[in-house]
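# Architecture and fold: a report
In case you want the letters, here they are:
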Amino acid sequence: DPNIARDGLGRPAGGYMQLSPECAAEIKPLLLQCLAEGNANIRRVASTTISAASVSSESRRFPVVSLPLASWPELLPFLLRCIEAGLSATAGPDGGTTPA
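Conventions used here
Residues numbered from 1 in each chain as written. Predicted model: local features only at pLDDT ≥ 70, side-chain atom pairs only at ≥ 80, totals over all residues. Heavy atoms only, no water. Helix = DSSP H or I, 4+ residues; strand = E, 2+ residues; numbered from the N terminus. Buried < 20%, exposed > 50% of the residue type's maximum accessible area, 1.4 Å probe, protein only. Contact = heavy atoms within 4.5 Å. Areas by Shrake-Rupley, 256 points an atom, 1.4 Å probe, with all protein chains shown as cover. Core = buried A, V, L, I, M, F, W, Y, C linked by side-chain atoms within 4.5 Å. Expected span 1.5 Å × (residues − 1). Arc of directions from axis to C-beta. pLDDT = per-residue confidence, 0-100. Axes fitted to C-alpha atoms, helices over the stretch in contact; angles between N-to-C directions. Parallel < 35°, antiparallel > 145°, perpendicular 65-115°, else oblique. Left-handed = near helix turned anticlockwise from the far one by under 90°. Nonpolar A, V, L, I, M, F, W, Y, C, P; charged D, E, K, R; others polar.

Each helix and strand in the protein chain was counted, giving 3 helices and 0 strands. The secondary structure elements of the protein chain, listed N-terminal to C-terminal, are α-α-α. Counting across all 100 residues of the protein chain, residues that qualify as buried make up 22%. Here the analysis covers contacts within the protein chain between residues at least 6 apart in sequence; of these, 41% occur between residues at least 24 apart. Just so you have it, the protein chain exposes about 7100 Å², and 61% of that area is on carbon and sulfur atoms.

Below, the structure is given as structure tokens:
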């Protein structure tokens, strides 16, 4: 984008990284896979990465969205399936949830 200020190496000024469409296409399925990981630390890092890369902050000097939500239509359905699977896994024999 010619409207984004660049540093001497051609990177967006302010330290924010812009991913190529090819790189974003490779990263998205890996992040979704990490969200389904059993290790809570891996899920937490993947969640933080998705939120930071998918949402532009107005407080940033040069807002850059590397993985825009509009170009990631499978994200919300995937998250909903994870929630449903989690609810199913905690359901007791009577359909209620078991205490955590």
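To continue, consider the nonpolar core. L19, A24, L31, L32, L35, A46, I50, A53, L67, W72, L75 and F78 form the largest nonpolar core, which has 12 residues in total. Put simply, the parts of the chain that give this core at least two residues each are α1 (21–35), α2 (40–54) and α3 (75–90). Among the elements that line this core, the one with the most residues is α1, at 4 residues. Beyond its immediate chain neighbours, meaning those up to four positions away, L35 contacts R43, A46, S47, I50, F78 and L79.

A word on α2. Taking 1.5 Å per residue as the helical rise, α2 with its 15 residues ought to reach 21 Å, and the 21 Å between its terminal C-alpha atoms agrees with that figure. All of the buried residues along α2 are A46, I50, A53 and S54. All buried residues of α2 fall inside an arc of 90 degrees around its axis, so they share one side.

In the predicted model, the protein chain carries a mean pLDDT of 74, and 58% of its residues have values of at least 70. Contacts of residues 95–100 to residues separated by more than four positions or lying in other chains number 8 contacts, the stretch itself having pLDDT below 50.

Our next topic: the packing of α1 against α2. The angle between the axes and the distance between the axes are what describe a pair of packed helices. It is at 8 Å that the axes of α1 and α2 come closest, and there the two elements cross at 140 degrees. What the angle tells us is that α1 and α2 run oblique. Where α1 crosses over α2, the two elements pack in a sense that is left-handed. Across the interface between the two elements, L31, C34 and L35 from α1 touch I42, R43, A46, S47, T49 and I50 from α2. Considered class by class, the residues forming the contact of α1 with α2 number 6 nonpolar, 2 polar and 1 charged.

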